[in-house]
Protein chains: 2
Amino acid sequence: MLSQSSSLFYSKMDMLSTSDHASVVSMNLFVALLCGCIVIGHLLEENRWMNESITALLIGLCTGVVILLISGGKSSHLLVFSEDLFFIYLLPPIIFNAGFQVKKKQFFRNFITIIMFGAIGTLGSFSVVSLGAMTIFKKMDIGSLELGDYLAIGAIFAATDSVCTLQVLNQDETPLLYSLVFGEGVVNDATSVVLFNAIQNFDLTNIDHRIAIQFSGNFLYLFFASTMLGAMTGLLSAYVIKKLYFGRHSTDREVALMMLMAYLSYMLAELFYLSGILTVFFCGIVMSHYTWHNVTESSRVTTKHAFATLSFVAEIFLFLYVGMDALDIEKWRFVSDSPGTSVAVSSILLGLLMVGRAAFVFPLSLLINFSKKSHSEKITFNQQIVIWWAGLMRGAVSMALAYNQFTRSGHTQLRGNAIMITSTITIVLFSTMVFGLLTKPLILFLLPHSKHFNSASTVSDLGSPKSLSLPLLDGGQDSEADMDNQDEAVNNRYEGTHNRTIARPGSLRMLLNAPTHTVHYYWRKFDDSFMRPVFGGRGFVPYVPGSPIEQNTDNLLDRT
Amino acid sequence: MLSQSSSLFYSKMDMLSTSDHASVVSMNLFVALLCGCIVIGHLLEENRWMNESITALLIGLCTGVVILLISGGKSSHLLVFSEDLFFIYLLPPIIFNAGFQVKKKQFFRNFITIIMFGAIGTLGSFSVVSLGAMTIFKKMDIGSLELGDYLAIGAIFAATDSVCTLQVLNQDETPLLYSLVFGEGVVNDATSVVLFNAIQNFDLTNIDHRIAIQFSGNFLYLFFASTMLGAMTGLLSAYVIKKLYFGRHSTDREVALMMLMAYLSYMLAELFYLSGILTVFFCGIVMSHYTWHNVTESSRVTTKHAFATLSFVAEIFLFLYVGMDALDIEKWRFVSDSPGTSVAVSSILLGLLMVGRAAFVFPLSLLINFSKKSHSEKITFNQQIVIWWAGLMRGAVSMALAYNQFTRSGHTQLRGNAIMITSTITIVLFSTMVFGLLTKPLILFLLPHSKHFNSASTVSDLGSPKSLSLPLLDGGQDSEADMDNQDEAVNNRYEGTHNRTIARPGSLRMLLNAPTHTVHYYWRKFDDSFMRPVFGGRGFVPYVPGSPIEQNTDNLLDRT
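Residues numbered from 1 in each chain as written. Chains lettered and ligands numbered in written order. Predicted model: local features only at pLDDT ≥ 70, side-chain atom pairs only at ≥ 80, totals over all residues. Heavy atoms only, no water.

- Chain A goes by Na+/H+ antiporter in an unreviewed UniProt entry, where it is assigned to Salicornia bigelovii.
- In UniProt, chain A has this text filed under Subcellular location (unreviewed entry): "Membrane". (UniProt positions renumbered as here; feature names shortened; annotations may be inferred.)

Now the structure itself:
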């Protein structure tokens, strides 16, 4: 999988060192633009419509226009888009951080629902878009596209980008909805990349029964092998750090080891032709569950924020880049003689992906609602619309996959390929900007009391707004809320009071009363009795701030 | 300066994506080796002889041998050494972190001494080595070397690597010695690179009076312009973060902005043909003095450790790399027919740099001792030997400069050049391993009570050994000790007691009684009355843990 992208590292050492002051100018401009995006994103934080992605995209577009004008229509970007850069440097930190910061309890509680949405839903969406594109495009004059191309189109547009929605959803009020959208987003990313690679690696000229089974087998193998590899690497890091007591000598070694092991898991997946995305995601989950609790408190704060920052910068980098790249003149040349076709293709694809998503979100939700007994756990129709909406945006993964399929190192000479690239750009821009801008108002309209809750909440004002604690469901009973509590505790340590509030006994009762969570229950028993003694981690012991147990653990870890 | 190195960023986007599974294997191996170095370094922490650099170098050498055997003598490295990689990705974090973590008070107190050692000393060393090499090598048969080459040799071997010594010196016991060795190391790095670039950019075929003056003017301009640029970027970051209150919304934005601004300062220096090293060093100093105090507590912990970790990984990467590269067969081919010459050249250069260093350390120390009134501030003869010894190691900067001067993208066909490359490798390996291994015993012999102090100290056991507080001189009176106190405080917050001890009033008295520190005194007044209100930062107010002032500041920053 994606092994071609890794050649970059080798080649860059090997190449000629040509003096090129222009590239220094580009880099300066790019870093300055990144800083600009962060500052503007901060200033627009309270704005009802905007978010960081749209800001970066707009700034990228504007810069593209300026460069286009300065260069006399020759070029619109500072750097040429490369899926190498994307898959080797930008994607791993984003996905790893997603796994590292995920609310594990919510994630695993709704694991089956998430997998249904993320894997089955993505496959459904992929089928609808592929079949639809195949049926419609064959009647249109858009150049030669093969079966593999159509399947690739399905995979490309199956990759959603739920960043916008997640920035709007309230984690405290609608934990179920939040975890569904978030979890689906991650599993979806992985699924579509795995799907895309499976398509690229298979000979699809003559499909028969045998190949279809082989394909499914390959897909399942990739899924499980990648997951296991990620978990293994994470556990290894936990074991090494616990066994050798790194905190004794130096915080930096712990942080360095966590970073390197996370990256190693990604590279190992590439080595074994697995899915690096899935691997690094599960490595992140395991690291936050075990490794993170074995390191000193300084390391905990550092890793939590350093990983989040890397992911944040990588995301802005991506959107800035996509914005700049969208205006690249070469791709539009083929399309300019038939603008109608391009608009038609983009509209058809957009329609297809809306239908394709609706075709699985509503039926699957119905199915899930049937299986739930308690009314509070059912997904309301308004929530279903939000879930559907959350998956309409397309982002950098789609772009990267499209470049991988339809260009050779960023260039294309075929009409059909050029149209596909421009359509992808159009859809990414349109969905991120138009759908993205409408997200906040839509959610406020569909889930109206979220605003009320927000202003009435006192708990959510304690931490930084980005890292809210989960008082209602994740209270203090489980380890997942730790990272946030950590943060709060550090920020509030001079206050003298620990503002840990509400509903702790309630969450325990809720957990024990729910018979559907037996898998989770057995996992916890297994974790407590076997995994924790070997790999460390806080596990699921009740967190009582200031209790002797807590103190002992911490003193032990910090060797104070 | 070094602008050629930045072309990498552009080219790597532009190049062909060739499938190359071998490079994935290389990367996996390299990352795994990095992890191995960290683990082994940790295990050898208490060892009397070893340190992280030597470990990495040895592991690199061993790997090189293994690769050499596997590849049948064709190649010894996983990646080809590139000064691009070095100057763009590895050096900036190392130097920035040096500035960020430097004990500012000690640094500025001994500023003149440090500048004398770092700048004048380096120039002296450069002259001795250049002249010596010119005189001796002209009589030997080592191929054609021009005047520029001889001057470059001087600059290459003027770049010291005091990492080994710093790992051994005790910051608490010999603050003066530590700050001298550390400060000299940084200023020396910058000076030699500036010197090297000045040599490369000047036409040296006919030197006259005018050119010499021009050269000095250029050198001074580079020095001051780079410093100013770094300070300006640092102040800008402090101003923006203070003015816009980033902590209000998100810790990640603060951390991201600090990282990006630091990197921007380096790239800006490249843009204006200045010294990126000096710029990023002073940017680090300014950021730790102002910006660091304007961010939330989580961000402070994160930046402190994240920057240290990046620097740490970059250093290990370098030594691992140098070790692997040392066995590269191509360079040794030219030398193999006349091994005697190569050994002779290496020995001569080693002798020259020992003489060159002695030629300024002892006279300069004498000069400094004359100017000091108090006996405790004088540099004893044993300390002078340690300072002399600390600068004998040569490291990655020398390697990178040698590659830059004597090869074209890592390859050379000229006999003289090949001999220079192999001699550099020999000297780096020999000095790091032999001198490096002898450092700990030598210092224990010359400064015998350092061991006693270490074991008797209770204060140094509180934080992690790598980030000791400075109880005797830097107590609590100044802001420099903050980063460490911070760390301690975070690690100890469950302990309930704040272990801040000894000698706080003493350090104030010491400061006020010393008339030679008036520059420092006026700077503090200026800082308090003008800089701090604009750019934030804690300045030099006494730190009283738990006092209302402290609480207010923190509450204000964290918006709790």
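**Looking at the overall build of chain A**
Alright, step 1. Across its full length, chain A carries 23 helices and zero strands.
Alright, step 2. The 560 residues of chain A split such that 65% are buried.
Alright, step 3. For chain A, long-range pairs separated by at least 24 residues make up 82% of all intrachain contacts whose partners lie at least 6 apart in sequence.
Alright, step 4. Of the roughly 20,700 Å² of accessible surface on chain A, a fraction of 68% belongs to carbon and sulfur atoms. (Helix = DSSP H or I, 4+ residues; strand = E, 2+ residues; numbered from the N terminus. Buried < 20%, exposed > 50% of the residue type's maximum accessible area, 1.4 Å probe, protein only. Contact = heavy atoms within 4.5 Å. Areas by Shrake-Rupley, 256 points an atom, 1.4 Å probe, with all protein chains shown as cover.)

**Regarding the nonpolar core**
The nonpolar side chains of soluble globular proteins are, as a tendency, buried together.
Alright, step 1. Formed by 289 residues in total, the largest nonpolar core has its most connected members in F117(A), I153(A), F117(B), I153(B) and L349(B).
Alright, step 2. The contact partners of I153(B), leaving out residues within four places of it in the chain, are V129(B), A133(B), L145(B), L349(B), F406(B) and M420(B). (Core = buried A, V, L, I, M, F, W, Y, C linked by side-chain atoms within 4.5 Å.)

**Regarding the pattern of salt bridges**
All names here are of chain A.
Alright, step 1. For the structure on display, the rule yields two salt bridges over all chains.
Alright, step 2. Between E184 and R357 there is a salt bridge, and its shortest N-O distance comes to 2.8 Å. Of the two residues, E184 sits in helix α9 (residues 175–201) while R357 sits in helix α15 (residues 339–371), which places them 173 residues apart along the sequence. Residues E184 and R357 agree in their burial class; the two are buried. (Salt bridge = Lys/Arg side-chain N within 4 Å of Asp/Glu carboxyl O.)

**Comments concerning the packing of helix α6 (residues 111–137) of chain B against helix α15 (residues 339–371) of chain B**
Residues and elements named next belong to chain B.
Alright, step 1. Across the interface, α6 lies against α15 with an axial gap of 8 Å and an inter-helix angle of 145°. Here α6 and α15 pass one another in a crossing that is right-handed. Judged by residue contacts, T113, M116, F117, G121, T122, S125, V128, V129, G132, A133, I136 and F137 of α6 engage V345, I348, L349, L352, L353, G356, F360, V361, L364, S365, L367 and I368 from α15.
Alright, step 2. Looking at side-chain class alone, the contact of α6 with α15 contains 17 nonpolar, seven polar and no charged residues. (Axes fitted to C-alpha atoms, helices over the stretch in contact; angles between N-to-C directions. Left-handed = near helix turned anticlockwise from the far one by under 90°. Nonpolar A, V, L, I, M, F, W, Y, C, P; charged D, E, K, R; others polar.)

**Describing the state of the cysteines**
Alright, step 1. Applying the stated criterion to the full structure yields zero disulfides over all chains.
Alright, step 2. For the unlinked cysteine C37(B), the closest cysteine sulfur is that of C35(B), found at 9.3 Å. (Disulfide = S-S within 2.5 Å.)

**Focus: helix α12 (residues 276–294) of chain B**
All names here are of chain B.
Alright, step 1. For α12, built from 19 residues, the straight-helix expectation of 27 Å at 1.5 Å per residue is met to within 8% by its first-to-last C-alpha distance of 25 Å.
Alright, step 2. Along α12, the sharpest change in direction is near 45° and occurs at M287.
Alright, step 3. Across the 19 residues of α12, 19 count as buried, placing the element largely inside the fold. (Expected span 1.5 Å × (residues − 1). Bend = angle between axes of the 7 residues up to and from the residue.)

**Some remarks on the packing of aromatic side chains**
Alright, step 1. Scanning the entire structure with this criterion turns up 36 aromatic pairs over all chains.
Alright, step 2. Ring geometry for F100(A) versus F307(A): centroids 5.1 Å apart, planes at 85°, classification edge-to-face. With F100(A) in helix α4 (residues 83–101) and F307(A) in helix α13 (residues 297–325), the pair connects residues that are 207 residues apart, well separated along the chain. With respect to burial, F100(A) and F307(A) carry one shared label: buried.
Alright, step 3. Pairing F281(B) with F282(B) gives two aromatic rings, centres 5.3 Å apart and planes at 80°, and the pair type is edge-to-face.
Alright, step 4. Following the ring pairs from residue to residue traces out a cluster consisting of W388(A), W389(A), F430(A) and F435(A). (Phe/Tyr/Trp six-rings, centres within 6.5 Å; stacked < 30°, edge-to-face > 60°.)

**Focus: a nonpolar patch on the surface**
Residues and elements named next belong to chain A.
Alright, step 1. On the surface, Y239, W523, F526, F530 and V534 cluster together into a nonpolar patch covering about 430 Å² of accessible area.
Alright, step 2. Of the residues forming the nonpolar patch, the biggest block, four residues, is contributed by helix α22 (residues 518–535).
Alright, step 3. Mapped onto the fold, V534 is located in helix α22. (Patch = residues over 30% accessible without salt bridge, like charges linked within 9 Å, V, L, I, M, F, W, Y side chains within 5 Å.)

**Brief notes about the environment of L90(A)**
All names here are of chain A.
Alright, step 1. Tracing the backbone through its elements, the reader meets L90 in helix α4.
Alright, step 2. Exposure remark for L90: the relative accessible area of 8% places this residue in the buried category.
Alright, step 3. Ignoring anything within four residues of it in the chain, the contact list for L90 reads L85, A314, F317 and L318.

**Considerations on the confidence of the model for chain A**
All names here are of chain A.
Alright, step 1. The share of residues in chain A with pLDDT of 70 or more is 72%, and the mean pLDDT across the chain is 73.
Alright, step 2. Across chain A, helix α11 (residues 251–271) holds the top mean pLDDT of 91, while helix α1 (residues 7–14) sits lowest at 32.
Alright, step 3. Throughout residues 450–482 the model reports pLDDT below 50, and contacts reaching past four residues in sequence, or to other chains, amount to 85 contacts.
Alright, step 4. Counting interchain partners and residues more than four positions distant, the pLDDT-below-50 stretch residues 491–516 has 41 contacts.
Alright, step 5. The ipTM, which scores confidence in the relative placement of chains, is 0.76 for this predicted complex, and the corresponding pTM is 0.78. (pLDDT = per-residue confidence, 0-100.)

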